[in-house]
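Read off the chains here:
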Amino acid sequence: MTTTETATKPVRMQAATKTAGAKRSWRSTLVALLILAVMLFPVYWMISTALQPHSSIAATQLLPTSPSLENFRAAFDTQGGSLLTSLVVSLGAVAVCLALAAPAAYGLAQFGLRGSRGIVFGTLITQMVPGIVVANALYSAYAELGLVNSYAGLILADASLGLPFAIVLLRAFMVSIPSEVIEAAMVDGANRFTAFVRIVLPMSRNALITSGLFAFLFAWADFIFALTLNTTDDVKPVTLGIYQFIGAHVSDWGAVMATAVLSAIPAAILLVVAQKYIAAGISGGSIK
């Protein structure tokens, strides 16, 4: 082997390695795009059907040739009140959930309570209880307390959906807060509550936003509590509205899909706006 061949051999090896890496990258990208297309196809089909007026399942086209907003107008006219109800209930559930979860997580993370791990484990176990069991148990209590068919009753019930998740997530984040920071605030004259409000909560902003977002999504998507704890249309969230709307307009899937699109818009906007806080909030508790 000559000196020139010896010198060019590493260059050829590097070029071959780059070519193989580029091919693998293209294959990975193609597979990822195919998976993304499969996952997003139901969303596309929902939007496409909503843009086709008076469309049945058999008459729905893959591409809307003459798109119209008629279905959206019909959906908003019939389900606008339900959307507003869901927004009020979901925001109320977020407020109740964070008001309870933040102090609970702070106590479990910073007070050194005995059995705190068991409490966290028990909190996670509650997520395994079927929602219909909880809803049936709540109905009897709600009937005695006068909370059936009320905003307050549905807000409290929906807050319980996100409460265990919020406690676990906030505790994982608050454990990583150095105790020296809290002690320094107390040396400066702050009590436990003041240190919690002025030090711990601002430092836990990402986790609070993440917990609040998931609590909102849990409440927004709730159907079991809305169906069980409401016997009239006084408090009708959009999930219950879609359920009743399907029964009344099962042949007009364009209007049904338009209602589904409208109900998905608030959650999609929140996810897009808060995605950086979600990533920071979920990963923040794993770094200490």
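The rules we used
Residues numbered from 1 in each chain as written. Predicted model: local features only at pLDDT ≥ 70, side-chain atom pairs only at ≥ 80, totals over all residues. Heavy atoms only, no water. Helix = DSSP H or I, 4+ residues; strand = E, 2+ residues; numbered from the N terminus. Polar contact = N/O pair within 3.5 Å; in protein donor to acceptor, adjacent residues only side chain to side chain. Contact = heavy atoms within 4.5 Å. UniProt positions renumbered as here; feature names shortened; annotations may be inferred. Patch = residues over 30% accessible without salt bridge, like charges linked within 9 Å, V, L, I, M, F, W, Y side chains within 5 Å. Areas by Shrake-Rupley, 256 points an atom, 1.4 Å probe, with all protein chains shown as cover. Salt bridge = Lys/Arg side-chain N within 4 Å of Asp/Glu carboxyl O. Buried < 20%, exposed > 50% of the residue type's maximum accessible area, 1.4 Å probe, protein only. Phe/Tyr/Trp six-rings, centres within 6.5 Å; stacked < 30°, edge-to-face > 60°. Core = buried A, V, L, I, M, F, W, Y, C linked by side-chain atoms within 4.5 Å.

**As for the side chain of Thr-239**
You can see Thr-239 is positioned in helix H10 (residues 238–248). Of note is the side chain of Thr-239, whose polar atom sits 2.6 Å from the backbone oxygen of Asp-222. Aside from chain neighbours lying at most four places away, what touches Thr-239 is Trp-220, Ala-221, Asp-222, Phe-223 and Ala-226.

**Topic: the UniProt feature "transmembrane region" (unreviewed entry) in the protein**
In the numbering used here, UniProt assigns the "transmembrane region" (unreviewed entry) feature to residues 82–106, 118–139, 151–170, 207–229 and 253–274. Between the first and last C-alpha atoms of residues 151–170 the distance is 27 Å; the span itself is 100% helix and 0% strand. Annotation note: span residues 207–229, helix share 83%, strand share 0%, distance between end C-alpha atoms 31 Å.

**A short note on a nonpolar patch on the surface**
Taken together, the side chains of Leu-33, Leu-36, Leu-40, Val-43 and Ile-47 present a nonpolar region at the surface, about 420 Å² in accessible area. Locating Leu-40 in the fold gives a position in helix H1 (residues 3–50). For Leu-40, a relative accessible area of 48% corresponds to the partly exposed category.

**Topic: the packing of aromatic side chains**
By the definition in use, this model includes eight aromatic pairs. Ring centres of Tyr-106 and Phe-196 lie 4.9 Å apart, and the angle between their planes is 35°; this geometry places the pair in the tilted category. Of the two residues, Tyr-106 sits in helix H2 (residues 70–110) while Phe-196 sits in helix H7 (residues 192–203), which places them 90 residues apart along the sequence. The residues Tyr-106 and Phe-196 share a single accessibility class, namely buried. Ring geometry for Phe-214 versus Phe-218: centroids 6.3 Å apart, planes at 50°, classification tilted. Placement of the pair is Phe-214 and Phe-218 together in helix H8 (residues 205–220), with a separation of four residues, close to one helical turn. Aromatic ring contacts, followed pair by pair, group Phe-41, Tyr-44 and Trp-45 into a single cluster.

**Focus: unusual backbone geometry**
Its identity is not glycine, yet Asn-149 carries a phi of approximately 60°, on the positive side. Positionally, Asn-149 belongs in the loop between helix H4 (131–145) and helix H5 (151–175).

**Looking at the nonpolar core**
Ranked by size, the top nonpolar core spans 41 residues in total, and within it Ala-50, Phe-72, Tyr-106, Leu-170, Met-174, Phe-196 and Val-200 carry the most contacts. Those elements giving two or more residues to this core turn out to be H1, H2, H5, helix H6 (179–187), H7, H8, H10 and helix H11 (253–273). Ranked by the residues each element gives to this core, the list is headed by H2, at 12 residues. Beyond its immediate stretch of four places on either side in the chain, Ala-50 contacts Ser-68, Asn-71, Phe-72, Gly-254, Met-257, Ala-258 and Val-261.

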